[in-house]
Amino acid sequence: MGPVELVVVAALAVLVGTVLQRVSGTGVGLVVAPTLALLIGPASGVLVTNATTTVSGFLIMLSVRRDVDWRRYALIAPAAAVGAVPAALLVRELPAAWLQVVIGAVVLAALATTFGLPRLPEWPGRLPTVLAGAIGGFFNTTAGVAAPVMVIHSRLARWDHRSFAATLQPVFMTMGALSVLTKMLLGAAGPGGVPPWWIAPGVVAVVVLGVLLGGVLARRVPTSAARTLALVLAGVGGTVTLVRGLLGVA
């Protein structure tokens, strides 16, 4: 695949992920992380995914900020920073093939958990919220995927879906920013280093387009349909990433 085709496919992945996140509350990490891991390498792919979730989380948050549970967010955000540091160190030390295995396995395990969990017992209080933040920060930094951890927490906490989906946006924004920051500070940006500067405005432009398009589709497309499409795309990407990583390890 040439450089032009690579940029086009990567932009489409970011666009689709952003649209799905605007419609259903999640989608960027699940769809974009495995796709970019295949296109530009696992470390760089997740780094760009983290930057994308930072922008998309911020922009979508502007339209749902009235429903955000800021008290829960205040517990999750600092805990996410604790999880991001060891995750960045792990990304720095793992070979590319093993990192692909980790990304693919995390995505597939997250999907299996989301579908396969029975009704969970109620676990209220601050401790599960803090634990979810730390674990989510770890997985977001290693694989670009934090949504399933937060979904499990929402089921344990019996968190109202409207408030949960809204609060995910500043959570994703913060986790993405923390992941980018810790990787840059700890030298875990990947073998190619920090991506070229022009990727940043490109990501912002595609995310803005995705948020606007998602806002239109949100009034016409059922949330369940958007979530199902995100999970299917994530499953395909996660499987291909895992297989490619295993072939590289063998």
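Only a predicted model underlies this, so the values are computations on that prediction, with no experimental measurement involved.

A. Examining the overall build of the chain more closely. In terms of regular secondary structure, the chain is built from ten helices and zero strands. Its helices and strands taken in sequence order, the chain reads α-α-α-α-α-α-α-α-α-α from the N to the C terminus. The C-alpha atoms of the chain give a radius of gyration of 17 Å, which matches the 18 Å a tight globule of 250 residues would have. In terms of principal-axis extent, the alpha carbons of the chain reach across some 45 × 35 × 35 Å. If you sum the accessible surface of the chain, you get close to 11400 Å²; carbon and sulfur atoms cover 72% of it. One way to put it: in the chain the 16 positive side-chain charges average out to a point 4 Å from where the 6 negative ones average out.

B. Quick look at the side chain of Thr142. Along the chain, Thr142 turns up in helix 6 (residues 126–143). For Thr142, the side chain forms a polar contact with the main-chain oxygen of Phe138, separated by 3.0 Å. A polar contact of 3.3 Å, which involves the side chain of Thr142, links it to the backbone oxygen of Phe139. Among all residues touching Thr142, those that are not within four sequence positions of it are Val46, Ala87, Leu90, Val91, Leu99 and Ile103.

C. Just the pattern of salt bridges, in detail. Tallied over the full model, the rule gives three salt bridges. The closest approach of N and O atoms between Arg72 and Asp69, which form a salt bridge, is 3.1 Å. Note that Arg92 is salt-bridged to Glu93, the shortest N-O span being 3.1 Å. Take Arg92: its relative accessible area is 39%, and that puts it in the partly exposed class. The exposed category is assigned to Glu93, whose relative accessible area is 56%.

D. Broad picture of helix 9 (residues 199–217). For helix 9, spanning 19 residues, the distance from its first C-alpha to its last is 26 Å, which sits close to the expected 27 Å at 1.5 Å a residue. Along helix 9, the positions that sit buried rather than exposed are Val203, Val206, Val207, Gly210, Val211, Gly214 and Gly215.

E. Inspection of the nonpolar core at higher detail. Of all hydrophobic cores here, the largest spans 18 residues; its most connected members are Val14, Leu20, Val32, Leu36 and Val207. Elements with a contribution of two residues or more to this core: helix 1 (3–24), helix 2 (28–40), helix 3 (42–64), helix 9 and helix 10 (223–249). The element contributing the most residues to this core is helix 1, with six residues. Counting 17 residues, the second largest nonpolar core, distinct from the first, contains Ala146, Val149, Trp159 and Phe164.

F. The packing of aromatic side chains, seen in detail. Per the stated rule, a full pass over the model turns up three aromatic pairs. For the pair Trp70 and Tyr73, a centre-to-centre distance of 5.6 Å together with 85° between the ring planes defines the contact as edge-to-face. With a gap of three residues between them, Trp70 and Tyr73 both fall in helix 4 (residues 70–93), about one helical turn apart. Residue classification places Tyr73 among the buried positions, given a relative accessible area of 18%. Measuring from centroid to centroid gives 5.8 Å for Phe138 and Phe139, while their planes differ by 75°, and the two rings are edge-to-face. Judged by its relative accessible area of 29%, Phe138 is partly exposed. Overall, Phe139 belongs to the partly exposed group, its relative accessible area being 28%.

G. Here's a closer look at the environment of Thr52. You can see Thr52 is positioned in helix 3. In this structure Thr52 comes out as buried when scored by relative accessible area, which is 0%. C-alpha separation for the pair Thr52 and Val14, spaced 38 residues apart in sequence, amounts to 7.4 Å. If sequence neighbours within four positions are ignored, Thr52 has contacts with Val14, Thr18, Val28, Val203 and Val207. Within polar-contact distance, the side chain of Thr52 engages the backbone oxygen of Val48 at 2.8 Å.

About the criteria used
- Residues numbered from 1 in each chain as written.
- Predicted model: local features only at pLDDT ≥ 70, side-chain atom pairs only at ≥ 80, totals over all residues.
- Heavy atoms only, no water.
- Helix = DSSP H or I, 4+ residues; strand = E, 2+ residues; numbered from the N terminus.
- Rg over C-alpha atoms; globule rule 2.2 N^0.38 Å.
- Areas by Shrake-Rupley, 256 points an atom, 1.4 Å probe, with all protein chains shown as cover.
- Lys, Arg positive; Asp, Glu negative; His and termini not counted.
- Charge placed at Lys NZ, Arg CZ, Asp CG, Glu CD.
- Polar contact = N/O pair within 3.5 Å; in protein donor to acceptor, adjacent residues only side chain to side chain.
- Contact = heavy atoms within 4.5 Å.
- Salt bridge = Lys/Arg side-chain N within 4 Å of Asp/Glu carboxyl O.
- Buried < 20%, exposed > 50% of the residue type's maximum accessible area, 1.4 Å probe, protein only.
- Expected span 1.5 Å × (residues − 1).
- Core = buried A, V, L, I, M, F, W, Y, C linked by side-chain atoms within 4.5 Å.
- Phe/Tyr/Trp six-rings, centres within 6.5 Å; stacked < 30°, edge-to-face > 60°.

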